[in-house]
Amino acid sequence: MLAATHAVVGAMIAASVSRPELGYMAAVVSHPVLDFFPHWDLHTRYSQRTKMAILSTSLTDAAIGMGIGWWLFGSQVETTTLFITMFLAQIFDWFEAPFHLFDWHFAPFINIKRLQSWWHTKLGLPWGLVPQMAIFALAIYFAQVN
Ligand SMILES: [Zn+2]
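Residues numbered from 1 in each chain as written. Predicted model: local features only at pLDDT ≥ 70, side-chain atom pairs only at ≥ 80, totals over all residues.

1. Some thoughts on the packing of helix 1 (residues 3-16) against helix 7 (residues 130-145)
A pair of packed helices is characterised by two quantities: the angle between their axes and the separation of those axes. Helix 7 packs onto helix 1 with a crossing angle of 30° between their chain directions and a minimal axis gap of 10 Å. Classed by the angle they form, the pair helix 1 and helix 7 counts as roughly parallel. Both helix 1 and helix 7 take part in a crossing whose hand is left-handed. From helix 1, Thr-5, Val-8, Val-9, Ala-11 and Met-12 reach across to helix 7, where they touch Gln-132, Ile-135, Phe-136, Ala-139 and Phe-142. Taken together, the residues of the contact of helix 1 with helix 7 break down into eight nonpolar, two polar and no charged. (Axes fitted to C-alpha atoms, helices over the stretch in contact; angles between N-to-C directions. Helix = DSSP H or I, 4+ residues; strand = E, 2+ residues; numbered from the N terminus. Parallel < 35°, antiparallel > 145°, perpendicular 65-115°, else oblique. Left-handed = near helix turned anticlockwise from the far one by under 90°. Contact = placed C-beta atoms within 7 Å. Nonpolar A, V, L, I, M, F, W, Y, C, P; charged D, E, K, R; others polar.)

This is the structure:
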């Protein structure tokens, strides 16, 4: 999934739990669960990109998601809790980043990379993006009714 999608799901989780710690755990678990569904993400054409391009697109992706999560749920969840939960929802992608950016092809980064490759199911456009758009729509709805 896009890092943005992970963040928005993290924000929804933060807004649904009574205790922040429950949200943190659920956010970490949500990552592989979401990646298991066939999806499109920015990693698709990794090999043709410079490291700078990978870094900027990944950070933009992550930041957009956190921005949307904060915009939708910022009034419902305490700010620090909200951002920690969104960050934890993306955590595996953050841990994988040094493998790609700094060529740190050793533990734990290589293990995270292998783990993620194993549970990721890729799908091209547009169908790989449709469920993620549905998640954004659900988040907008949930932010209103919660
Ligand atoms: Zn992932």
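On we go from here.
2. A look at the environment of Val-29
You can see Val-29 is positioned in helix 2 (residues 20-36). For the pair Val-29 and Ala-139, spaced 110 residues apart in the sequence, the C-alpha separation amounts to 18 Å.

3. Describing the nonpolar core
Ranked by size, the top nonpolar core spans 28 residues in total, and within it Ala-7, Val-8, Ala-11 and Phe-73 carry the most contacts. If you list the elements that add at least two residues to this core, you get helix 1, helix 2, helix 3 (51-73), helix 4 (79-89) and helix 7. The element contributing the most residues to this core is helix 1, with ten residues. (Core = buried A, V, L, I, M, F, W, Y, C linked by C-beta atoms within 7 Å. Buried ≥ 20, exposed ≤ 12 C-beta atoms within 10 Å, placed from the backbone.)

4. Description of helix 7
Its 16 residues place the ends of helix 7 23 Å apart at the C-alpha level, agreeing with the 22 Å of an ideal helix rising 1.5 Å per residue. Within the sequence span of helix 7, burial applies to Gln-132, Ile-135, Ala-139 and Ala-143. Seen end-on, helix 7 carries its buried residues on one side only, within an arc spanning 70°. For helix 7, the exposed residues set more than 90 degrees away from the buried face come down to Met-133, Ala-134, Ala-137, Tyr-141, Gln-144 and Val-145. Considering only its buried residues, helix 7 is in contact with helix 1 and helix 3. (Expected span 1.5 Å × (residues − 1). Arc of directions from axis to C-beta.)

5. Side note on the environment of Ala-27
Tracing the chain through its elements places Ala-27 in helix 2. Along the primary structure Ala-27 and Gly-74 are separated by 47 residues, whereas in three dimensions their C-alpha atoms are 17 Å apart. Ignoring anything within four residues of it in the chain, the contact list for Ala-27 reads Gly-10, Ile-13, Thr-85, Leu-88 and Ala-89.

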